Amino acid sequence: MLEVREIKLVRDERKILNTLTATFESGRVYAILGNNGVGKSTLSYVLMGLESHRDYEGKVIFDGEEIDLLSVSERARKGITLGWQEPVRFEGLTVKEYLTLGGKLRLSKEELNETLSIVGLNNEYLDRLVDESLSGGERKRVELASIILVNPKVTILDEPDSGIDIMSMEMIERVLERLRDKGSIVIIITHREEIARMADEAYLLCGGRILASGEPEEIVNFYRKLCDNCQHINEPITEGGRVDD
Amino acid sequence: MINSNFEREFTAIAKEYEKSGGNVSDFLRKDIVSIIVSGNKVIGRNTVDGVHVKAKELDNGVEIWLEIDDGTVIENPIHLCTGYLKPEGTQEVLIHNHLGDHTKAKFISHCVFPSGVNFTHSMVADTDVGKYSEMLYEDTHMHSKDGGVTVKATYNTIVREGGSFQNLFYLTKTRVGKLFVKMSVDLQKNASAHIESKVYEREDDYLEIDEQLFLNGEGSSGIAKTTVFATDRSKAKIINKAYGNAAYSKGHIECNEIIKGDSVEVGTVPELYVRNEKAELTHEASIGRVNVKQMETLMSKGLTEEEATDMIVRGMLR
Ligand SMILES: Nc1ncnc2c1ncn2[C@@H]1O[C@H](COP(=O)(O)OP(=O)(O)O)[C@@H](O)[C@H]1O
Ligand SMILES: [Mg+2]
């Protein structure tokens, strides 16, 4: 179980995350739904423990252990991993080297091929470079494959569909299915209703805190009603602000 | 073919050659042009139709002439291996490459100085790439562990009309010692060139690179690129220059220096000179740590900082 307790993160005197509390259980897929700028990516960086986001207040507790003092590598070794909204490119590394982490992961041909097929690629990609020669969508697929292959206990996927065409929703469903089957906690971060609907449970994020949680369909409706014409997009929520009402 | 008087020397060099990524059996093949130099001796050599190799011993080195007849396309890469097995001394290597018109050849050169403690190697390669010819020259160096090797490598090349030339220099697997690389290319009408150096520096290694593109012919184009990974107390000074002297010539110079630690001292100077208003030159330069997002991407999959750096740099220096 992953617990997030009263996380606060301040930037330029703004509370980007503001007493955010949530829990996540193994083998379940959670959607964190919210408009642009509400703090979704920030939350994923806090959970992963990126150097630039370690100055948060509050606690992240994984399987009963407070992990706030752990670095990215240390959290990764506990089984936490992050799929970035925009995966970075690497010069001179092949997809195969990338997926095997430079040979550190011992993976059979079958495992590689099967994982590539889940993300809609084939083994011809293994010798391609993970640089500008891959399109944004291909790069994102390689990233999803790479995440599956590290066999995580907690998977945070920041906008898994960004850069991928709308026809590929099935591919994302396959990826979530695989991670769920392997017992991972899956946290998908998204502003898209279609993606949120793939989850078992959803949280609505606004102004750096969870406004509502429940069945995805319910939260999606809430999101439509509450967030579509919302005036405070990208605005900080001050104590006693409108959303607290 | 290996001169039988030098079997032992060949075996010793071959061992180092394999370490640097070469395939020794290529030196025994009759269909591959090869030249093996140890100290001031040519200890093995082979050639094929259309390629003429001459060599002369110097007091402390060798001078080599390699000529390729017009219209000759060489399928297998030409292998050059220069070794020096003793810890002390100097070695001078002078190379004259002449490619006729409409030729095509790839050169793979390995320089292995595995035990240099107080050793200096100077190499000057003068190359003439004929009209509409294509040449690739890839030079990989392996130096000794204790940094006692000094290398001065100078490449002067002229690429004639419509020709294309690639010159790659790698010193990434061992200590550098002291290294001075100078690459200069004279590009004629519609000729193109890509010159690039990649170096990994450790301890108190010292490096100077000077790459120059002379875009002298109309429609010529060139790229001069340097990638350095500087660690520990190493120093690097990189100068990339491009001269746009002709109409519709295009040049790009680029230097990326990745640093690790607070004790490195690196710098780069891009220089662009235009003498024709229709020439176009650009440059890019960066000095800094390994990209944080790349690092964190790999670390979020369980690699340590060390392993992540290693993987990223390995890719960049390829
Ligand atoms: N380093 C920072 N300094 C100041 N503001 C930041 C910083 N990082 C993010 N923000 C702001 O925090 C808010 C949330 O950002 P982000 O988490 O990227 O949103 P989302 O992913 O939900 O679109 C945005 O208003 C953004 O501009
Ligand atoms: Mg975001």
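Everything quoted here is computed from the prediction, not taken from an experiment.

Conventions used here
- Each residue is numbered by its place in its chain's sequence as written, counting from 1.
- Lettering of chains starts at A and numbering of ligands starts at 1, both following the order in which they are written.
- With the structure being a predicted model, the display of local features is reserved for residues of pLDDT at least 70 and the display and counting of side-chain atom pairs for 80 or more, all residues being used for whole-chain, interface and lining totals.
- Hydrogen atoms and water are omitted, and side-chain values are computed over all heavy atoms in the structure.
- Note on contacts: a residue pair qualifies if any of its non-hydrogen atoms lie within 4.5 Å across the two residues.
- The quantity reported as buried area is the accessible area (1.4 Å probe) lost by two parts once they are put together, taken as the sum for both.
- Helix and strand definitions here come from DSSP, where helices need a minimum of 4 consecutive H or I residues and strands a minimum of 2 consecutive E residues; each element is numbered from the N-terminal end.
- Each residue gets one of three labels, nonpolar for Ala, Val, Leu, Ile, Met, Phe, Trp, Tyr, Cys and Pro, charged for Asp, Glu, Lys and Arg, and polar for the others, Gly among them.
- Buried residues of nine kinds, namely Ala, Val, Leu, Ile, Met, Phe, Trp, Tyr and Cys, make up a nonpolar core once their side-chain atoms join them within 4.5 Å.
- Partly exposed residues are those whose accessible area sits between 20% and 50% of the maximum for their type, while under 20% is buried and over 50% is exposed, using a 1.4 Å probe and protein chains only.
- A residue's pLDDT is the confidence the predictor assigns to it, expressed on a 0 to 100 scale.
- Stacked, edge-to-face and tilted are the three classes for Phe, Tyr and Trp ring pairs, Trp counted by its six-membered ring, which pair at centre distances within 6.5 Å; planes under 30 degrees apart are stacked, over 60 edge-to-face, the rest tilted.
- The disulfide definition used here is simple: a pair of cysteine sulfur atoms within 2.5 Å.
- Counted as salt bridges are all cases of a side-chain nitrogen of Lys or Arg within 4 Å of a carboxyl oxygen of Asp or Glu.
- If even one non-hydrogen atom of a residue comes within 4 Å of a molecule or strand, that residue is called near it.
- Side-chain atoms alone can form a polar contact between residues adjacent in sequence; in general such a contact is a pair of N or O atoms within 3.5 Å, and within protein one must be able to donate a hydrogen while the other accepts it.
- Residue-level accessible areas treat just the shown protein chains as cover; the underlying method is Shrake-Rupley with a 1.4 Å probe.
- Each metal's donors are the N, O and S atoms within 2.8 Å of it, or within 3.2 Å when it is Na, K or Ca, and because water is not part of the set, sites may look incomplete.
- Note: two strands are recorded as paired if DSSP finds a minimum of 2 bridges between them.
- Axis lines are fitted to C-alpha atoms, over the contacting stretch for helices. Their N-to-C directions set the angle, which ranges from 0 to 180 degrees.

1. Structural notes on the interface of chain A and chain B
With 26 residues of chain A at the contact, the number on the chain B side is 22 residues. Both faces combined, the contact of chain A with chain B buries some 2100 Å², and carbon together with sulfur accounts for 57% of it. Contact with chain B buries area across many residues of chain A, yet Trp 84, Glu 91 and Leu 101 of chain A alone supply 26% of it, more than any other trio. Every element with two or more residues in the side of chain A that touches chain B is listed here: helix H2 (72-77), strand S6 (80-83), helix H3 (95-99) and helix H5 (136-149) of chain A. A per-element tally of the side of chain A that touches chain B places H2 of chain A first, with 4 residues. Tallied by class, residues from the side of chain A that touches chain B come to 13 nonpolar, 5 polar and 8 charged.

2. Regarding the nonpolar core
Judged by nonpolar contacts, the single largest core of 96 residues is most densely connected at Phe 24, Leu 99 and Ile 187 of chain A together with Leu 298 of chain B. Leave out the neighbours within four places in its chain, and Leu 99 of chain A touches Leu 105, Leu 107, Leu 112, Leu 116, Leu 126, Val 142, Ala 145, Ser 146 and Leu 149 of chain A. Core analysis: the next-biggest nonpolar cluster, separate from the first, contains 59 residues, Ile 74, Val 129, Val 149 and Leu 171 of chain B among them.

3. Things to note about the confidence of the model for chain B
A residue-level look at chain B finds 100% of positions with pLDDT of 70 or above and a mean pLDDT of 96. The ipTM, which scores confidence in the relative placement of chains, is 0.93 for this predicted complex, and the corresponding pTM is 0.87.

4. A few points about the packing of aromatic side chains
Counted by the stated rule, this structure contains 15 aromatic pairs over all chains. Both rings, one in Tyr 45 of chain A and one in Trp 84 of chain A, keep their centres 5.7 Å apart while their planes meet at 45°; by these two values the pair is tilted. Placement of the pair is Tyr 45 of chain A in helix H1 (residues 40-48) and Trp 84 of chain A in the loop between S6 and H3, with a sequence separation of 39 residues. Taking the relative accessible area as the measure of exposure, Trp 84 of chain A reaches 6% and is therefore buried. Ring centres of Tyr 243 of chain B and Tyr 273 of chain B lie 5.0 Å apart, and the angle between their planes is 15°; this geometry places the pair in the stacked category. Taken as a pair, Tyr 243 of chain B in strand S16 (residues 235-244) and Tyr 273 of chain B in strand S18 (residues 265-274) lie far apart in primary sequence, 30 residues in all. Relative accessible area serves as the criterion here: at 18%, Tyr 243 of chain B is assigned to the buried category. Classification of Tyr 273 of chain B by relative accessible area gives partly exposed; the value is 37%. Aromatic rings pair up to connect Phe 24, Tyr 30 and Tyr 203 of chain A into one cluster.

5. Some remarks on the state of the cysteines
Residue and element names in this part refer to chain B. Under the definition given, this model contains 0 disulfides over all chains. Cysteine Cys 111 is unpaired, with the sulfur of Cys 81 as its nearest cysteine sulfur at 7.5 Å. Accessibility expressed as a relative area gives 4% for Cys 111, which makes it buried.

6. Here we look at the pattern of salt bridges
Per the counting criterion, the structure on display carries 30 salt bridges over all chains. Here Arg 175 of chain B and Glu 203 of chain B are joined by a salt bridge, their closest N and O atoms 3.3 Å apart. Taken together, the residues span a long stretch of sequence, with Arg 175 of chain B in the loop between strand S11 (164-171) and strand S12 (178-187) and Glu 203 of chain B in the loop between strand S13 (192-201) and strand S14 (206-215) at a distance of 28 residues. By relative accessible area, which is 37% here, Glu 203 of chain B ends up partly exposed. Across the pair Arg 314 of chain B and Asp 310 of chain B runs a salt bridge, and its minimum N-O distance is 3.7 Å. Residue Arg 314 of chain B and its partner Asp 310 of chain B are located together in helix H3 (residues 305-316), separated by 4 residues, close to a single helical turn. The partly exposed category is assigned to Asp 310 of chain B, whose relative accessible area is 39%. Among the charged side chains, a salt-bridge network with shared partners connects Glu 193, Arg 197, Glu 217 and Arg 224 of chain A.

7. Focus on the site of ligand 1
Residue and element names in this part refer to chain A. Near ligand 1, the surroundings consist of Arg 11, Asp 12, Arg 14, Ile 16, Asn 35, Asn 36, Gly 37, Val 38, Gly 39, Lys 40, Ser 41 and Thr 42. Contacts to ligand 1 include Val 38, whose backbone N or O atom sits 3.3 Å from an oxygen atom. Contact between ligand 1 and Gly 39: an oxygen atom at 3.1 Å from a main-chain N or O atom of the residue. Look at ligand 1: alone it shows 560 Å² of surface, and the protein chains cover 65% of it. Those elements that place two or more of their residues in the shell around ligand 1 are strand S2 (14-24) and H1.

8. Topic: the coordination of the magnesium ion (ligand 2)
For the magnesium ion (ligand 2), the full set of protein donor atoms is Ser 41 of chain A (OG) and Gln 85 of chain A (OE1), at a range of 2.1 to 2.5 Å. Taken as a pair, Ser 41 of chain A in helix H1 and Gln 85 of chain A in the loop between S6 and H3 lie far apart in primary sequence, 44 residues in all.

9. Some points on the sheet that holds S12 of chain B
Residues and elements named next belong to chain B. One open sheet accounts for 9 strands, arranged S3-S4-S6-S8-S10-S12-S14-S16-S18; its pairing is mixed. A single partner strand is all that each edge strand has here, and the edge strands are strand S3 (51-58) and S18. Sheet twist, expressed as the mean angle between neighbouring strand axes with direction ignored, is 5°.

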